[in-house]
Amino acid sequence: MDKFETLYEALANLDGFIYPNEIALNWDLLIVMYPYITGLVAGAFILASLNRVFDIKALRPTYEISLLTALAFMLVATMPLISHLGQPFRFYEMLITPHLTSAMAIFGFVYLWYLMVVLLLEIWFDYRYDMVIWSGEKKGFMRFVYRALTLWVLDTSPESRKTDEKIGYFITVVGIPSAFLLHGYVGFIFGSIKANPWWSTVMMPVIFLFSAMVSGIALVMFIYMAVNYLRRQKTDIFCLDTIAKYLFYILIIDFTLESLDQIHRIYEADESFDILKLLVRGKLFFTFFIMQIGIGTIIPLSVLGFLQFKKPRERIRKILYLIVSICVLVGIFYMRWNVVIGGQLFSKSFYGFTSYKVDLIGGIDVWLSVLWFVIPFFILAFLLWLLPPWKKAEELPHE
Amino acid sequence: MPLQVKRLLLAFAVFIGIMLGLKYFLTPDSWREYGPYRGKALIEIADKVPKYVDMETCIMCHDSIGELKIQGLHKSIQCEICHGPGYLHVDEPEINKMKLPAGSEFCIQCHARNAARPDKIIKQVDAAEHSEGENCISCHNPHEPWL
Amino acid sequence: MAIEKKNFSRRDFIKHTSMFAGGVVFVSLMNPMKVVYATKKPEGKGKWYGIAIDIEKCIGCANCARTCKIENDVHKEPFFFRNWVEQYTITNDDEILVSSPNGGIDGFEQPVPEEDIYKTFFVPKMCNHCAKSPCTQVCPVGASFESPEGVALVDQTYCIGCGYCVQACPYGCRYIDPEKGVVDKCTLCYHRLKDGLDPACMMACPTHARIYGDLNDKESEVSLFIKEHNCAVLKQQLNTVPKLYYNALSQEVH
């Protein structure tokens, strides 16, 4: 009986009518984490690309940090999904016998493409020369590790570095559409479900993409400040200003797209509108209006907008940037929450709602979600120790 | 071709080779027999033993009751709706007894007055008013109901 | 970074990206809309099962729901149903009240006094065994599929329990089995069909409100019923092509 306790509680608190099978919410907090973490990956990578492809020099100090952040989160990106499965050890079937009409099956390959071909390769070409140098400096086991990481290619000639540079650049170019694809695809997983009017919109992949960029940029901004604080280094305020500028622009686009989606729903007011109106005004009021729109959008937009015109002292700016990045990260988390949980709160019969309570104490999904969000930071710390951006060799001079 | 590219291509070839090998060994036997799913699943699902055995099977032994019932208003109701599934009883009738319905509560599942019930199809009563707590079967024989 | 800026300009970036995007579009044009539907009605004269439910005959006894739970070992808790009955009551004030206490198994009560009722009726629900089923379309591993006879089935030894099909079913006909960790749903009693027995719910219906049969056979009971009655399907606008036809379906029913 214990197992069904929360379900009986939900049953006792139903609003209106709901199909009996809909009382149980199948996609819990872990599925909220999944698009959230994937979004952070895509966003961090896009920020790295801004520096490299669009040659925005002010962003140079964050280039490696963004890439390593993207990699750290990418490595666990599928874990919320897998640990949520009813049969987690059967996940390999998705790669062995993918069902080609399923958005989720293709995601496995989009993920592998992005991880193996884009992220790992770009980092590899970026660090290959340095790893060769470091393998020469180190002794014993670490020497072997760096050697193995270079795949035993010990060429340090300027020609080989030029080749690295060229290929790395090409991969970044391929990487931008790949990052778009990766997160657009996550949006498509939700947007393609015609049974659910809260999800089923062509805007979904685009909104997911831009919110991903927003969250990824905010995360790198946060990590960049945190790393400098921990290393007792001075943060390059010009770099932060530039990140903030891009965060501001993309946040505007993101907010516009989301507003457009809502305005479109409100004006079209199709058969699902009445129930969605009740959903947003009722069950989602706090997470939607307060967290997503208020804390996640309005506050960062006004602060960043203000900073475009007035520049207070460096210290104040840094504090503001720190607050903004946290606000954005929280806001985007609630955006995912509103999509994933919100989409399951109302009945597909359009006649009522179920409820979802996060079980903070005993909820296994909560612990796993926290775990999958914390682990990437440890991975990142390890990566920064293994491949420290601040010990990289000087770049080759421009010809 | 630069050396590092050659090494990388080799590493990727190894990776793709492992993936293809896994795909070859882990794909189930009857995959794509009918479509992109395990063909054997159809047999496995069909292999489950039915629990409700059908009225004809009941009448093989209980022919007198069957004949009575088939003439009455309850003729369209299968024996097992009231008496429970018969698959165990058919095999070992002495050990596995069929159940008897639990009195009036059972009858009013169909016969309680409800505006949503079409009057033409089913006789309805206000149970409390109609029987005053008396068990339905003390007046009505469910195998040969009268009005 | 960026040693040879001259070789790669923004124009190159746009060129590369558009080539990539163009390739994707080209591939999808070569093979237009081919992989969209997971199921395809098989050619030839095999069986193609369909169901018809006569709402005018349903008395809301929920014997269908009860027998289904027993026959298919469905969990007794009121959150797991392959088959259930809903009671619709529309009041004179145009308020729509729907209820399905324990799927109808616990019996129904009218929420409003009889003089306030505009109309009221029962609607039995079950898997629609859609011809273009959205649930089998989204299954990532092919554990959910439509059998050659048009019955939507789940291979429970292969299902990974992701719940994507549960989200994709517009009719709420699927659930995750809490013990097996895999999805479960109506099989139209596939195991009984093979033995020549009727599905449990069809057998259990005392008023013969439920009919099933071969839609390919135009003389079958179900085909004739659909021909002679003015039938409708649920959520037609979603183009899932349900094979569950309701006679006398009110437009309030979703």
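Residues numbered from 1 in each chain as written. Chains lettered and ligands numbered in written order. Predicted model: local features only at pLDDT ≥ 70, side-chain atom pairs only at ≥ 80, totals over all residues. Heavy atoms only, no water.

Novice: Help me out: how do you make sense of the overall build of chain C in this one?
Specialist: Counting its secondary structure elements, chain C contains seven helices and 11 strands. With 254 residues in all, chain C has 61% of them scored as buried. Of the contacts formed within chain C by residues at least 6 apart in sequence, a portion of 61% connects residues at least 24 apart. Approximately 10400 Å² of chain C is accessible, and the part contributed by carbon and sulfur atoms is 55%. (Helix = DSSP H or I, 4+ residues; strand = E, 2+ residues; numbered from the N terminus. Buried < 20%, exposed > 50% of the residue type's maximum accessible area, 1.4 Å probe, protein only. Contact = heavy atoms within 4.5 Å. Areas by Shrake-Rupley, 256 points an atom, 1.4 Å probe, with all protein chains shown as cover.)

Novice: Help me understand the environment of Lys119(C), please; the structure alone is not making it clear to me.
Specialist: All names here are of chain C. Along the chain, the position of Lys-119 falls in strand E4 (residues 117-126). For Lys-119, a relative accessible area of 31% translates into the label partly exposed. Considering only alpha carbons, one finds Lys-119 and Asn-92, 27 residues apart in sequence, at a separation of 8.3 Å. Beyond its immediate chain neighbours, meaning those up to four positions away, Lys-119 contacts Tyr-88, Thr-89, Ile-90, Ser-250 and Glu-252. Engagement of the side chain of Lys-119 in a polar contact is seen with the side chain of Ser-250, the distance being 2.9 Å. (Polar contact = N/O pair within 3.5 Å; in protein donor to acceptor, adjacent residues only side chain to side chain.)

Novice: Would you mind showing me how to read the interface of chain C and chain A here?
Specialist: One frequently used descriptor of interface size is the decrease in accessible area upon assembly of the parts. With 71 residues of chain C in contact, the opposing surface of chain A contributes 63 residues. Along the contact surface separating chain C from chain A lie zero salt bridges. Looking at the side of chain C that touches chain A, the elements that each hand over two or more residues are helix H1 (10-30), strand E2 (83-91), strand E3 (96-99), helix H3 (134-138), helix H4 (164-168) and strand E7 (175-176) of chain C. Per-element accounting of the side of chain C that touches chain A gives the leading share, five residues, to H1(C). For the side of chain C that touches chain A, the class distribution of residues is 39 nonpolar, 20 polar and 12 charged. (Salt bridge = Lys/Arg side-chain N within 4 Å of Asp/Glu carboxyl O. Nonpolar A, V, L, I, M, F, W, Y, C, P; charged D, E, K, R; others polar.)

Novice: It is not clear to me how the interface of chain B and chain C should be interpreted in this structure. Could you clarify?
Specialist: Opposite the 34 residues of chain B that make contact, chain C presents 44 residues. Contact between chain B and chain C buries roughly 3200 Å² in total, counting both sides, with carbon and sulfur atoms accounting for 63%. At the boundary of chain B with chain C, the tally comes to three salt bridges. In this structure, the salt-bridge partner of Lys51(B) is Asp73(C), at a minimum N-O distance of 2.5 Å. Scanning the region where chain B abuts chain C turns up 16 residue pairs in polar contact (both at pLDDT 80 or more). When residues of the side of chain B that touches chain C are assigned to their parent elements, the largest contribution, five residues, is made by helix H2 (residues 40-46) of chain B. Here the side of chain B that touches chain C is built from residues that sort into 22 nonpolar, four polar and eight charged. (Buried area = accessible area lost by both parts, 1.4 Å probe.)

Novice: Would you mind showing me how to read the pairing of strand E1 (residues 49-54) of chain C here?
Specialist: Remember that side chains alternate between the two faces of the sheet whenever the strand is regular. Residue and element names in this part refer to chain C. Summarising burial for E1: six of the six residues are buried, a large majority. A two-sided burial pattern is seen for E1, the buried positions comprising Tyr-49, Ile-51 and Ile-53 on one face and Gly-50, Ala-52 and Asp-54 on the other. Pairing of E1 with strand E9 (residues 210-214) involves five bridges; the strand directions are antiparallel. Bridge pairing in E9 places Ala-52 opposite Ile-211. Sheet topology places E1 next to strand E11 (residues 244-247); four bridges connect them, and they run parallel. Looking at E11, one finds that Ile-51 is bridged to Leu-244. (Pairing = 2+ DSSP bridges.)

Novice: For this particular structure, what's the right way to read a nonpolar patch on the surface?
Specialist: Together, Phe91(A), Tyr92(A), Leu10(B), Val14(B), Ile18(B), Leu22(B), Tyr24(B), Phe25(B) and Leu26(B) line one region of the surface with nonpolar side chains, adding up to about 940 Å² of accessible area. Tracing the backbone through its elements, the reader meets Tyr24(B) in helix H1 (residues 3-26). Its relative accessible area of 66% is what places Tyr24(B) among the exposed residues. (Patch = residues over 30% accessible without salt bridge, like charges linked within 9 Å, V, L, I, M, F, W, Y side chains within 5 Å.)

Novice: Where do I start with a negative patch on the surface in this structure?
Specialist: A cluster of like negative charges, contributed by Asp119(B), Asp93(C), Asp94(C), Glu95(C), Glu114(C), Glu115(C) and Asp116(C), occupies part of the molecular surface. One can find Asp116(C) in the loop between E3 and E4. Taking relative accessible area as the criterion, Asp116(C) reaches 34% and is therefore assigned partly exposed. (Lys, Arg positive; Asp, Glu negative; His and termini not counted. Charge placed at Lys NZ, Arg CZ, Asp CG, Glu CD.)

Novice: Would you explain the sheet that holds E2(C) in this entry?
Specialist: In sheet architecture, strand pairing relies on hydrogen bonds along the backbone and comes in two forms, parallel and antiparallel. Residue and element names in this part refer to chain C. Strand order across the open sheet formed by three strands is E3-E2-E4, with antiparallel pairing between neighbours. Each of the sheet's edge strands pairs with one partner strand only, and the pair in question is E3 and E4. The sheet shows a mean angle of 20 degrees between the axes of neighbouring strands, taken without regard to direction. The pairing of E2 with E4 spans nine bridges and is classified as antiparallel. Residue pairing in the sheet places Gln-87 in a bridge with Phe-122 of E4. (Axes fitted to C-alpha atoms, helices over the stretch in contact; angles between N-to-C directions.)

Novice: Help me out: how do you make sense of the packing of helix H2 (residues 29-52) of chain A against helix H9 (residues 203-230) of chain A in this one?
Specialist: Residue and element names in this part refer to chain A. Closest axis-to-axis distance for the H2/H9 pair is 6 Å, and the angle between their directions is 70 degrees. Relative to H9, the element H2 is oriented roughly perpendicular. The residues of H9 that touch H2, namely those facing Pro-35, Gly-39, Leu-40, Ala-42, Gly-43, Ala-44, Ile-46 and Leu-47, are Phe-208, Ala-212, Met-213, Ser-215, Gly-216, Ile-217, Leu-219 and Val-220. Of the residues belonging to the contact of H2 with H9, the class tally is 12 nonpolar, four polar and no charged. (Parallel < 35°, antiparallel > 145°, perpendicular 65-115°, else oblique.)

Novice: Just checking my understanding: could you explain the confidence of the model for chain C for this structure?
Specialist: The predicted coordinates ought not to be read in detail in places where the model reports low pLDDT. Residues and elements named next belong to chain C. Taken as a whole, chain C shows an average pLDDT of 89; of its residues, 85% reach a score of 70 or greater. Across residues 1-7, confidence stays below pLDDT 50; counting only partners more than four residues off in sequence or on other chains, it has 27 contacts. Under the prediction, the complex receives an ipTM of 0.91, its pTM being 0.91. (pLDDT = per-residue confidence, 0-100.)

Novice: What should I look at first to understand the packing of helix H3 (residues 63-76) of chain A against helix H15 (residues 364-386) of chain A in this one?
Specialist: Packed helix pairs are characterised by how far apart their axes lie and by the angle those axes make with each other. All names here are of chain A. Closest axis-to-axis distance for the H3/H15 pair is 8 Å, and the angle between their directions is 135 degrees. It follows from the interaxial angle that H3 and H15 lie oblique. Between H3 and H15 lies a crossing whose hand is right-handed. Residues Leu-68, Thr-69, Leu-71, Ala-72, Phe-73, Leu-75 and Val-76 of H3 lie in contact with H15, whose contacting residues are Trp-372, Phe-373, Ile-375, Pro-376, Phe-377, Ile-379, Leu-380, Leu-383 and Leu-384. Class assignment of the residues belonging to the contact of H3 with H15 gives a composition of 15 nonpolar, one polar and no charged. (Left-handed = near helix turned anticlockwise from the far one by under 90°.)

Novice: Just checking my understanding: could you explain the sheet that holds E1(C) for this structure?
Specialist: All names here are of chain C. What the four strands build is an open sheet, ordered E9-E1-E11-E10; its pairing is mixed. Strand pairing shows two members of the sheet lacking a second neighbour, E9 and strand E10 (231-232), which therefore form its edges. Alignment of E10 against E11, held across two bridges, turns out to be antiparallel. Following the sheet pairing, Cys-231 is matched in E11 by Asn-247. With respect to the sheet, helix H7 (residues 221-228) is in contact with E1, E9, E10 and E11, its orientation differing from that of E9 by roughly 115 degrees.

Novice: In this structure, what is going on with the side chain of Ser102(A)? I would like to understand it.
Specialist: Along the chain, Ser102(A) turns up in the loop between helix H5 (93-96) and helix H6 (103-137). The contacts of Ser102(A), once residues within four sequence positions are left out, are Gln137(C), Val138(C), Cys139(C), Pro140(C) and Tyr164(C).

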